[in-house]
Structures are given as structure tokens and as C-alpha cells.
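Each chain is listed here by its residues.
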Amino acid sequence: MSGTTRGRLLATSDIHVRHPENRAVVEAMRPGHDDDWLLVVGDVGELLDDVEWALRLLAGRFAKVVWVPGNHELWSLSRDAVDLRGEARYRHLVDLCAGLGVLTPEDPYPLWTGQGGPVRIVPMFLLYDYTFRPAGTSTKEEALAAAYAAGVVCSDESVLHPDPYPSRDAWCRARVAITQARLDECPRDVPLVLVNHFPLVREPTRILRYPVFAQWCGTELTADWHTRYNVAAVVYGHLHIPRTTVHDGVRFEEVSVGYPREWRSWRTRRPVLRQILPAPTGEPVPPWGAPHDESEHAALQVPPGAPGGPVPAAPAVRSSQSQSQPYRQGAV
Ligand SMILES: [Fe+2]
Ligand SMILES: [Fe+2]
């Protein structure tokens, strides 16, 4: 299948531009071709001014930018320019994007006709519902109790408000239902690229250093979406473990940049713009290479309660069908 333009479909996530070093990374992001599109897969930042700065910059450079929210954009912080919570904050972000010409999960799904196309790009906002539970627990309450007992609790618990939904998991279930209805209406003859901040399957979370954190990383409700629909690739972030895995024959791309303390620890600096289409050839490799010094492991530890949440570094494993590689994981 070949597209009608020479453009590539690129992706990045978790650029966390409150960090000056990450701003510099974003300022260096440029398309390789006038027709390149960019998927921005959440966690641009916490403050609206930061989100607008990054999306305005990128929208001015790429032929099209598609954004989905991460958990950080949904935080309600007292120092932000607006005082909005939950759905109202999300809708404000969607309006901000509309003003910048950036597509969101609320737009009709755009057709990619560049290299590797045609495919339908599906930006999604699904959140999480505490169903990626730790071993030995069978309810949300038990999962949360295990997290508090371990001292590993996502900052979302205090700053990501679900209003008007009664809970974040209720908001998640509503978003899943809305999105599934739209997916069911997509013609099957054009493959889909599913784009969501959180992984659609649990497997990528198996290498979290603190497995108890997985409950803030997705929902079991999407476990079969990559096989139920005609899916060319799934693009996600949030874990700060950039890599490529394959699940049931479908390519999953974790495209996060992560925090400076994380990407500084990788031995090899590689492009932060990940190519989704045309599908890269050859053995997938992590964009930042392998960690070069285990002593930096400690630098990735984020105290529970610190901004960004406490999800620290992980040993290295790879859940795809290929060989193990050294990876580590940081806060999300
Ligand atoms: Fe995130
Ligand atoms: Fe993140």
C-alpha cells in the first residue's frame, strides 16, 4: 500500500516542556519533509501556557499535528491560567487545539495518505480505570491500598479531577464507550493507527519497576482493540519506556521522550521523532539506546508525591517477540 505524498507519519510524547532541557528538544523538532505529520501523544505539560507554546510551535512546522491528552495536561494546578477541572479542562484543551489547527480525539478521524497510507488515524482519550491491578488484588480499592502501602501513588490522585464524573475510572469507562462506538463505525477496508496516551494492552507495563503503578496506566477494556479492528499500528506513551513491541502481530510504538534525568542516562541519543509510517524496517531499537551506567539508576528514583509521580526505573526486559534488551522506566 503506498501513499500519495512523500510525507512520513511521525510521533512523540511525554515531552514535559516545563523542563528547559525538554523545551530545547522540542525546539529542535523539525519535519524532514513538508508533508510530514506529527502525532503528539500526551504529557506535553501541566500548564496551559506550556501546552499552547509547544503545540503552536509544532503546528507551525508540520503539515498536520494530532494531539491526544496525557494525564499531565489534565492536572488542575493552582498556578495555572485557568481554574478548570476534569471534562471542562479537557474541552478547554480541545478548543485551544482547534484554534491552533491541531486535531484532537473530538475531530473526525483524519485519513493519512502519505507513505505507508492510506490509513485512518484515530486519536483517542481513554484514561485508565485501575484494572491493571497488582497481583493478589481483585478490586480498585485493594489495588489502591496496595499502592499506598508501597508508597507508590500517582500524583493524579490529588490533581487529576474527574468532574463531572464521580471517579477517574467512571470517566475512563465513558470515554471507552464513546470511542468504541466510533471505531465500530469505521469502515474495515482502511487500516487504523490507534493513538492513545496510555497503552491499550497491559503487557508493556509488565516491566515497570513498581508493578503496582500499572493501575494508572490503562484499562482492560481495550485489551482486544488491536485485533478486533483492522489496526496497522498502535502509538502510545506514558510509561517513559520508548520501544517497539509486537502484540498479536500488531506493532505497538511507545514514543515518549521522558524527563531529562531519564533521557540523559541513555547511552545513544537518537531522533526523538519516531517514525510510524512508513513502517520502519529492521530490528526495532529503543530511540535512546541502552543505559550506560547502572549508578544512574538511583537518579531515576522519584520520591512518592513528587511532581510527575513516583514511577521509577525498571530493569530491562522486552515484552515483544524479539530478544530482550536493556531498558529502564521512569516517572510518567
Ligand atoms: Fe502520562
Ligand atoms: Fe509522561
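Residues numbered from 1 in each chain as written. Chains lettered and ligands numbered in written order. Predicted model: local features only at pLDDT ≥ 70, side-chain atom pairs only at ≥ 80, totals over all residues.

Where an unreviewed UniProt entry is consulted, the chain appears under the name Metallophosphoesterase, with the organism given as Parafrankia colletiae.

**Student:** Which residues make up the overall build of the chain, and what values go with them?
**Tutor:** Secondary structure assignment for the chain yields eight helices and ten strands. Counting the 332 residues in the chain, one finds 47% classified as buried. Residue pairs in contact within the chain that sit at least 24 positions apart in sequence constitute 71% of those at least 6 positions apart. (Helix = DSSP H or I, 4+ residues; strand = E, 2+ residues; numbered from the N terminus. Buried ≥ 20, exposed ≤ 12 C-beta atoms within 10 Å, placed from the backbone. Contact = placed C-beta atoms within 7 Å.)

**Student:** Break down the nonpolar core for me, citing the residues and quoting the values.
**Tutor:** Core analysis: the biggest nonpolar cluster contains 82 residues, and Val40, Leu55, Val65, Val193, Leu194, Val195 and Val235 have the highest contact counts within it. In terms of residues, this core owes the most to one element, strand β7 (residues 231-236), which gives six residues. (Core = buried A, V, L, I, M, F, W, Y, C linked by C-beta atoms within 7 Å.)

**Student:** Just give me the short version of the sheet that holds strand β3 (residues 64-67), but keep the residues and values in it.
**Tutor:** Here four strands make up an open sheet; going across it, the order is β3-β2-β1-β10 and the pairing mixed. The open sheet has two free edges, formed respectively by β3 and β10 (274-277), since each of these has just one partner strand. Along the sheet, successive strands turn relative to each other by an average axial angle of 30°, direction set aside. Contacts between helix α2 (residues 48-59) and the sheet are confined to β2 (37-40) and β3, with β3 contributing the most and set at about 150° to the helix. (Pairing = 2+ DSSP bridges. Axes fitted to C-alpha atoms, helices over the stretch in contact; angles between N-to-C directions.)

**Student:** Account for the sheet that holds strand β5 (residues 119-123), with residues named and values stated.
**Tutor:** Spatially, six strands are ordered β4-β5-β6-β7-β9-β8 in an open sheet, and the strand pairing comes out mixed. A single partner strand is all that each edge strand has here, and the edge strands are β4 (111-112) and β8 (243-247).

**Student:** Before we move on, can you summarise unusual backbone geometry with the specific residues and values?
**Tutor:** The residue after Gly117, namely Pro118, is reached through a cis peptide bond having omega 0°. Considering the arrangement of structural elements, one finds Pro118 in the loop between β4 and β5. Positive phi, normally seen in glycine, also occurs at His16, with a value near 40°. Positionally, His16 belongs in the loop between β1 (9-12) and α1 (20-27).

**Student:** Run through the packing of α2 against helix α3 (residues 86-100), naming residues and quoting values.
**Tutor:** Look at α2 against α3: their axes get within 10 Å of each other, and the N-to-C directions meet at 30°. One way to sum up the angle between α2 and α3 is to call them roughly parallel. Note on packing geometry: the crossing formed by α2 with α3 is right-handed. Residues Leu48, Val51, Glu52, Leu55, Arg56 and Ala59 of α2 form the contact with α3, whose own contacting residues are Leu93, Leu96, Cys97 and Leu100. Its residues assigned to classes, the contact of α2 with α3 shows eight nonpolar, no polar and two charged. (Parallel < 35°, antiparallel > 145°, perpendicular 65-115°, else oblique. Left-handed = near helix turned anticlockwise from the far one by under 90°. Nonpolar A, V, L, I, M, F, W, Y, C, P; charged D, E, K, R; others polar.)

**Student:** Describe helix α6 (residues 168-184), and please don't skip the residues or the numbers.
**Tutor:** Here α6 is 17 residues long and its end C-alpha atoms lie 24 Å apart, about the 24 Å a rise of 1.5 Å per residue gives. Residues of α6 that are buried make contact with α5 (156-159). (Expected span 1.5 Å × (residues − 1).)

**Student:** Tell me about the environment of Leu144, residues and numbers included.
**Tutor:** Residue position: Leu144 is located in helix α4 (residues 140-150). Along the sequence, Leu144 and Phe213 sit 69 residues apart, while their C-alpha atoms lie 9.4 Å from each other.

**Student:** Can you lay out the pairing of β1 for me, pointing to particular residues and giving the numbers?
**Tutor:** A two-sided burial pattern is seen for β1, the buried positions comprising Leu9 and Ala11 on one face and Leu10 and Thr12 on the other. Here β1 runs beside β2; their pairing, made up of four bridges, is parallel. Within β2, the position partnered with Leu10 by the bridge is Leu38. Taken together, β1, α1 and β2 constitute a β-α-β crossover, and its handedness is right-handed. The pairing of β1 with β10 spans three bridges and is classified as antiparallel. Of the residues in β10, the one forming a bridge with Leu10 is Gln275. (Right-handed = clockwise from strand over helix to strand, strands pointing away.)

**Student:** Help me get a handle on the environment of Arg173, residues and values and all.
**Tutor:** Looking at where Arg173 falls in the secondary structure, it is placed in helix α6. Separated by 47 residues in the primary sequence, Arg173 and Leu126 place their C-alpha atoms 7.8 Å from one another.

**Student:** Hey, could you go over the environment of Pro118 for me, with residue numbers and the actual values?
**Tutor:** Given 15 C-beta atoms within 10 Å, Pro118 falls into the partly exposed group. It is 6.8 Å that separates the C-alpha atoms of Pro118 and Val190, two residues lying 72 residues apart in sequence.

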